[in-house]
Amino acid sequence: MEGLKRMVTQIAFTPDSRLSQLPLLHRSLLPLLSLASSIYRFSLSLRRLLYFSGLLHQRRLPVPVISVGNLTWGGNGKTPMVEFIARLLDEAGIGPLILTRGYSGGDEAKMLHRHLLQTSARIGVGANRIATAASMFERHGYVDSSNTLSEKLLSPYKFESGAKDEKVGVVILDDGMQHWSVLHDVEIVMLNGVMPWGNNRLLPRGPLREPPSALVRADIVVIHHADLVPDKQLKMIESTVHNIDATLPVFHSRMAPSHFFEVKNPHSRLPLSTVQNMVVLCISAIGFPDAFAQAISKDIDMITERLRKLKYEFNDEAIMVVTEKDYDRDPVILKRLYCLKVLVLCSSLQIMPLSARTEENFKMNLKKHLINSLQEKK
């Protein structure tokens, strides 16, 4: 199954001009994948029609809903953006509720729990977002005054921890763009700057969950991994976005490494300088979450031997570094490397100040949309 996933992924991110370079087995899947994409396109159009014609019911939650979603699978920075927004709301004295489905064994939910432990953020995990939200509202309560929320959003001051409201004030819908059963007040769409549209085909023939024209529903677009992309490519992406909606604000973001922690001690916090002048073996499989845990369990001996060879080659201690997402997929397996030093790299999303679109501009845009949604409900 993992082999099939790899083939489909490779096909999805291969331009048509280079399909002839793929192995014969890969190319033999093209007719089947194209048929499946046509069926997916029809079902997507039908589902959208049913929701927006009112035949399928959309529920409005009692507090504003910020949807963070994407057009393509993987590497778009959805969950880091969810955390970023949760911190902004927490600083404003507004308790955020994050609703996530808990894909890939719930690794993203685990990471959010760990990062937001000292904030007022609540995290609800479950495929039925409405039921999960109802349960969290019953447990923690919610702010039912739009005036209270507006005052906090308009306040220029950060609230002290003791002044924060324990009730839920805003819901953040992780991976919410295609989740139409809940009405969205603010739609934030993340684009992977490295390959924003893949091969421009819908799933499973390509990585698109919706065509780029769906950006017409967005309120804010963020090009993620903008630090890895030439300015010319960024401008091309922005041009495509503005051809769809010339008024859409476009921001840029990146993942900024913050610190390490030891696998043996998840509560530790080590500076980035910890690995300075050290031999490092980096291992990751973010694109294939299930494969990562399987590979690590099978290849522990190989990894150990590789680290020993590095130590011998460089005459220095070698350490292993994994990403935080990979750690959360199976920390128990990683702990089996008890005789080695294994560090987990933690990163956080940053808004890059490109073209005068700063983090402050992003906050102002987000607050403006939230305040407008609150005024419309009065």
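Parameters at a glance
- Residues numbered from 1 in each chain as written.
- Predicted model: local features only at pLDDT ≥ 70, side-chain atom pairs only at ≥ 80, totals over all residues.
- Heavy atoms only, no water.
- Helix = DSSP H or I, 4+ residues; strand = E, 2+ residues; numbered from the N terminus.
- Rg over C-alpha atoms; globule rule 2.2 N^0.38 Å.
- Buried < 20%, exposed > 50% of the residue type's maximum accessible area, 1.4 Å probe, protein only.
- Contact = heavy atoms within 4.5 Å.
- Areas by Shrake-Rupley, 256 points an atom, 1.4 Å probe, with all protein chains shown as cover.
- Lys, Arg positive; Asp, Glu negative; His and termini not counted.
- Charge placed at Lys NZ, Arg CZ, Asp CG, Glu CD.
- Salt bridge = Lys/Arg side-chain N within 4 Å of Asp/Glu carboxyl O.
- Disulfide = S-S within 2.5 Å.
- Axes fitted to C-alpha atoms, helices over the stretch in contact; angles between N-to-C directions.
- Parallel < 35°, antiparallel > 145°, perpendicular 65-115°, else oblique.
- Left-handed = near helix turned anticlockwise from the far one by under 90°.
- Pairing = 2+ DSSP bridges.
- Phe/Tyr/Trp six-rings, centres within 6.5 Å; stacked < 30°, edge-to-face > 60°.

- Named according to an unreviewed UniProt entry, the protein is tetraacyldisaccharide 4'-kinase originating from Phoenix dactylifera.

Looking at the overall build of the protein
In step 1: Along its length, the protein carries 13 helices and 11 strands.
In step 2: The C-alpha radius of gyration computed for the protein amounts to 22 Å, which stays within 12% of the reference 21 Å derived for 378 residues, consistent with globular compactness.
In step 3: Overall, the C-alpha framework of the protein stretches about 70 × 55 × 40 Å when taken along its three principal axes.
In step 4: Within the protein, buried positions represent 49% of all 378 residues.
In step 5: Long-range pairs, those at least 24 residues apart, make up 78% of the contacts in the protein between residues at least 6 apart in sequence.
In step 6: About 18,700 Å² of surface is accessible on the protein, with carbon and sulfur atoms providing 55% of the total.
In step 7: Where the 46 positive side-chain charges of the protein centre and where its 38 negative ones centre are 4 Å apart.

Examining the pattern of salt bridges
Side chains carrying opposite charge are able to pair once their charged atoms draw close together.
In step 1: Scanning the model with the defined rule gives 13 salt bridges in all.
In step 2: Across the pair Glu 83 and Arg 87 runs a salt bridge, and its minimum N-O distance is 3.3 Å. One end of the pair, Glu 83, and the other, Arg 87, are both in helix α4 (residues 78-91), 4 residues apart, so they sit about a helical turn from each other.
In step 3: The exposure class of Glu 83 is buried, given its relative accessible area of 9%.

Remarks on the state of the cysteines
In step 1: The tally for this structure, following the rule as stated, stands at 0 disulfides.
In step 2: Note on Cys 282: no disulfide assigned, nearest cysteine sulfur contributed by Cys 346 at a separation of 14 Å.

With respect to the packing of helix α7 (residues 146-154) against helix α13 (residues 359-377)
In step 1: One way to put it is that α7 packs onto α13 with a least axis distance of 10 Å and a crossing angle of 160°. Here α7 is positioned roughly antiparallel relative to α13, judged by the angle of their axes. Pair α7 / α13 crosses with left-handed handedness. Here Ser 146, Leu 149, Ser 150, Leu 153 and Leu 154 of α7 lie close against α13, whose contacting residues are Lys 367, Leu 370, Ile 371 and Leu 374.

Section: the pairing of strand β1 (residues 65-70)
In step 1: With 6 of 6 residues buried, β1 is to be regarded as a mostly interior element.
In step 2: Going residue by residue along β1, you find Val 65, Ser 67 and Gly 69 tucked away on one face and Ile 66, Val 68 and Asn 70 tucked away on the opposite face as well.
In step 3: Bridge analysis of β1 against strand β4 (residues 168-174) gives 4 bridges, and the strand direction is parallel. Bridge pairing in β4 places Ile 66 opposite Ile 172.
In step 4: Relative to strand β5 (residues 186-192), β1 runs parallel, the two sharing 5 bridges. Following the sheet pairing, Gly 69 is matched in β5 by Val 189.

Here we look at the packing of aromatic side chains
In step 1: For the coordinates displayed, the defined rule picks out 7 aromatic pairs.
In step 2: The interplanar angle of 85° and the centroid separation of 5.8 Å between the aromatic rings of Phe 13 and Trp 73 together place this pair among those described as edge-to-face. Pair noted here: Phe 13 is in the loop between α1 (2-12) and α2 (24-28) and Trp 73 is in the loop between β1 and α4, with a separation of 60 residues, a long-range link.
In step 3: A centroid spacing of 6.3 Å and a plane angle of 75° characterise the contact between Tyr 51 and Trp 180, whose relative ring orientation is edge-to-face. Linking Tyr 51 in helix α3 (residues 30-52) with Trp 180 in the loop between β4 and β5, this pair joins segments that are 129 residues apart in sequence.

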